[in-house]
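Tertiary structure, described
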Number of protein chains: 2
Amino acid sequence: MEKVAIVGVGLIGGSFGLALRRAGFRGEIIGVSSRDALQEATAVGAIDSSATLAEAASGADLIYLSQTVDRILETLPQLRPHVRRGTLVTDAGSTKAAIVRQAAASIPDIAFVGGHPLAGKEKRGASAAEAGLFADHAYVLTPLQGPDTPYLETFRRYLLSMGARVVELTAEEHDQAVAFTSHLPQLVATTLAATLEGQQNASFRVVHGPGLLDMTRLAMSSADLWAAILATNRTAVLAALDAYAKELASMKAAVSAGDIKQCFTRGESFAAKLRRG
Amino acid sequence: MEKVAIVGVGLIGGSFGLALRRAGFRGEIIGVSSRDALQEATAVGAIDSSATLAEAASGADLIYLSQTVDRILETLPQLRPHVRRGTLVTDAGSTKAAIVRQAAASIPDIAFVGGHPLAGKEKRGASAAEAGLFADHAYVLTPLQGPDTPYLETFRRYLLSMGARVVELTAEEHDQAVAFTSHLPQLVATTLAATLEGQQNASFRVVHGPGLLDMTRLAMSSADLWAAILATNRTAVLAALDAYAKELASMKAAVSAGDIKQCFTRGESFAAKLRRG
């Protein structure tokens, strides 16, 4: 593997470039992005050079699409005239089924593996990129589509060198899981913050415990980013919201009855397991 | 103010002792608690000596009840035969209306001010106590009941010296606010964790973003502690749950319609205000 093209060099793309370098990659890392993003990524050393999508796609052994979900869906068909046989295309989008379907339709003769690094932080952009961003976090890979390629094993080995916990799931298994573990928590945080906004009580900003900051941090996330994520996982997200609404009704009944023990015990059981990993 | 009795020397009581000392208090700090708690509190320097409730109450200028809500409700009537005129009694319980009513009924001739430091951390016990625990956090005080006493001004001055942001609210205003800013976030976190527990999907423990840890941290809280808090603020908490359930229904409709912008904007508005303080 000698040339890697990173399409979209924000936090994830920039971190992938830095992590690849730290993991020992000695080839060329080419960025495809807006001018500002390319400048940031070059400044932090995440990419060596920049190119148009067409140029980068035609020369790369690995094409890493680290844009938002909606942009990845747009980029895949644009790759078709340029990407050469033998190249591995992968992505880092937050949902997988729509992207995997788009790849099958757009670049059927090209090796494609969907990916999702379950990592991130509040800051965006390559200036916040870190070589260690993927370490100790899950990195989901979906099954290979299209022809076999030795670059798949190379890519996997690099992910492991970065400290990522590589997990193989089908696109549907992935989307089902993140509906509960990522999309539901986001909606719960935003709903909580919107509920408090609706009360228009100025004392809320002062009279609160440290927990409220934890519980509303995700509510600072970008609505545009989330619109694209939710649009590509609507059925699973609505099912997760239904399961949550049912649990909320049980909680309300438990509070009414003064008997919260069972609800709290079930919640604590999951929270404790999550912390054991 | 020469003698202070701290009843219940856990995280809050222990921190109050340490903070009082750091704020320049030179009198005696007497602890009333279980043997283990007294040992911990003595080891960290939060108290000078220990006594029974009767002994401590009869000698103290300030009695600081830093037990759980249910224990504070039990302690107040026990003070009556021992506490002397001129003493200021205060508490650090998580709800205020029930405690303020109990104080009015149990010690009507004694100065009483309800209090609630909106501070805390995950660890419990005096061994986790910190002199700076109250700094930069709200400390709610309810209106004085019973006779006037110069110790109220002394107590307030010490709280300000500790860096606490003293906020005066009626017990009802306080309980209304914390129903939304503390009790609702707790129930939301526990409900989220219980929902995920209900799915019995082992991949959830691995395939999740960093946000899930934030969103389930409160679910590790003690059910017993929360049973007492919720039992003394049930009406306000049920109203908060209703407001939240309504917002959740709007969110579900927004996700279905693919139009989440408004919900996210309202959530972000509150989250941003909260961070500005």
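Read on for an overview of the structure. Because the structure is a prediction, the values reported are computed rather than measured.

Procedures and definitions
Residues numbered from 1 in each chain as written. Chains lettered and ligands numbered in written order. Predicted model: local features only at pLDDT ≥ 70, side-chain atom pairs only at ≥ 80, totals over all residues. Heavy atoms only, no water. Helix = DSSP H or I, 4+ residues; strand = E, 2+ residues; numbered from the N terminus. Rg over C-alpha atoms; globule rule 2.2 N^0.38 Å. Buried < 20%, exposed > 50% of the residue type's maximum accessible area, 1.4 Å probe, protein only. Contact = heavy atoms within 4.5 Å. Axes fitted to C-alpha atoms, helices over the stretch in contact; angles between N-to-C directions. Parallel < 35°, antiparallel > 145°, perpendicular 65-115°, else oblique. Nonpolar A, V, L, I, M, F, W, Y, C, P; charged D, E, K, R; others polar. Least-squares fit on C-alpha atoms with pLDDT ≥ 70 in both. Buried area = accessible area lost by both parts, 1.4 Å probe. Salt bridge = Lys/Arg side-chain N within 4 Å of Asp/Glu carboxyl O. Polar contact = N/O pair within 3.5 Å; in protein donor to acceptor, adjacent residues only side chain to side chain. Left-handed = near helix turned anticlockwise from the far one by under 90°. Pairing = 2+ DSSP bridges. Right-handed = clockwise from strand over helix to strand, strands pointing away.

Secondary structure summary: chain A contains 11 helices and nine strands in total. Over its C-alpha atoms chain A spans a radius of gyration of 21 Å, differing by no more than 12% from the 19 Å that the globule rule assigns to 277 residues. On the principal axes, the C-alpha backbone points of chain A span a range of 65 × 35 × 30 Å. When burial is assessed residue by residue, chain A has 55% of its 277 residues classed as buried. Once local pairs closer than 6 in sequence are excluded, the contacts in chain A between residues at least 24 apart make up 73%.

Here we take up the side chain of lysine 273 of chain A. Along the chain, lysine 273 of chain A turns up in helix 11 (residues 261-276). Residue classification places lysine 273 of chain A among the buried positions, given a relative accessible area of 17%. When neighbours within four sequence positions are excluded, lysine 273 of chain A is seen to be in contact with Glu197 and Arg205 of chain B.

Time to look at the packing of helix 4 (residues 69-79) of chain B against helix 5 (residues 97-106) of chain B. Residues and elements named next belong to chain B. Packing of helix 4 against helix 5 brings their axes to within 9 Å, and their N-to-C directions diverge by 10°. When the axes of helix 4 and helix 5 are compared, the pair comes out roughly parallel. Residues Val69, Ile72, Leu73, Leu76 and Pro77 of helix 4 pack against Ala98, Ile99, Gln102, Ala103 and Ser106 of helix 5. When the residues that make up the contact of helix 4 with helix 5 are grouped by side-chain class, the tally is eight nonpolar, two polar and no charged.

Looking now at the relation of the copies chain A and chain B. Both copies of the chain are related by one operation, a rotation about an axis with a shift along it. Of the two same-sequence chains, chain A is brought onto chain B (RMSD 0.0 Å, axial shift 0.0 Å) by a rotation of 180°. This pairing of chains is accounted for by a two-fold axis. Most of the interface of chain A is mirrored in chain B, where 100% of its interface residues again form contacts.

Attention now moves to the interface of chain A and chain B. Contacts between the two partners involve 83 residues from chain A, matched on the other side by 83 residues from chain B. Surface buried jointly by chain A and chain B totals about 8100 Å² across both partners, of which 73% is contributed by carbon and sulfur atoms. One salt bridge in this structure joins aspartate 242 of chain A and lysine 252 of chain B, with 2.8 Å as the shortest N-O distance. The element contributing the most residues to the side of chain A that touches chain B is helix 7 (residues 171-199) of chain A, with 21 residues. By residue class, the composition of the side of chain A that touches chain B is 47 nonpolar, 21 polar and 15 charged.

We now examine the environment of tyrosine 64 of chain A. All names here are of chain A. Relative to the helices and strands, tyrosine 64 resides in strand 4 (residues 62-65). Measuring from C-alpha to C-alpha, the distance between tyrosine 64 and glycine 31 comes to 9.7 Å, with 33 residues separating the pair along the chain. Those residues in contact with tyrosine 64, other than ones at most four positions away along the chain, are Ala5, Ile6, Val7, Ile12, Phe16, Thr90, Ala92, Pro117, Phe134, Tyr139 and Phe155.

Mapped onto the secondary structure, tyrosine 244 of chain A falls in helix 10 (residues 234-257). Here tyrosine 244 of chain A falls in the buried class, since its relative accessible area comes to 0%. For the pair tyrosine 244 of chain A and alanine 171 of chain A, spaced 73 residues apart in sequence, the C-alpha to C-alpha distance is 23 Å. Those residues within four positions of tyrosine 244 of chain A in sequence are excluded, and the remaining contacts are Leu184 and Val188 of chain A together with Val188, Thr191, Leu192, Thr195, Tyr244 and Leu248 of chain B.

Let us look at the side chain of threonine 142 of chain A. Residues and elements named next belong to chain A. Inspection of the secondary structure assignment puts threonine 142 in the loop between strand 8 (138-141) and helix 6 (151-161). Within the structure, the side chain of threonine 142 is placed 2.8 Å from the backbone nitrogen of glycine 114, a separation counted as a polar contact. Among all residues touching threonine 142, those that are not within four sequence positions of it are Lys96, Val100, Val113, Gly114, Leu169, Thr170 and Ala171.

Residues and elements named next belong to chain A. In contact at an axis separation of 12 Å, helix 7 and helix 9 (residues 223-231) are set at 130° when each is read in the N-to-C sense. By the angle between their directions, the pair helix 7 and helix 9 is classed as oblique. Between helix 7 and helix 9 lies a crossing whose hand is left-handed. Every residue of helix 9 that contacts helix 7 at Ser182, His183, Gln186 and Leu187 is listed here: Trp226, Ile229 and Leu230. Looking at the contact of helix 7 with helix 9 residue by residue, the class counts come to four nonpolar, three polar and no charged.

A side chain with one charge can pair with a side chain of the opposite charge if their charged atoms come near. Counted under the stated rule, the structure contains 26 salt bridges over all chains. Notably, a salt bridge pairs aspartate 214 of chain B with arginine 217 of chain A, separated by 2.8 Å at the nearest N-O pair. A residue pair is termed interchain when its members come from two chains, as with aspartate 214 of chain B in helix 8 (residues 211-216) and arginine 217 of chain A in the loop between helix 8 (211-216) and helix 9. On the basis of relative accessibility, which here comes to 25%, the residue arginine 217 of chain A falls in the partly exposed class. With a closest N to O distance of 3.8 Å, arginine 156 of chain B and glutamate 153 of chain B form a salt bridge. Separated by three residues within a single helix, arginine 156 of chain B and glutamate 153 of chain B lie in helix 6 (residues 150-161), roughly one turn from each other. Among the charged side chains, a salt-bridge network with shared partners connects Asp214 and Arg217 of chain A together with Asp214 and Arg217 of chain B.

Below, the discussion takes up the pairing of strand 9 (residues 165-168) of chain A. Residues and elements named next belong to chain A. Examined bridge by bridge, strand 8 and strand 9 share four bridges and lie parallel to one another. Of the residues in strand 9, the one forming a bridge with leucine 141 is glutamate 168. After leaving strand 8, the chain enters helix 6 and then returns to the sheet as strand 9, a path that is right-handed.

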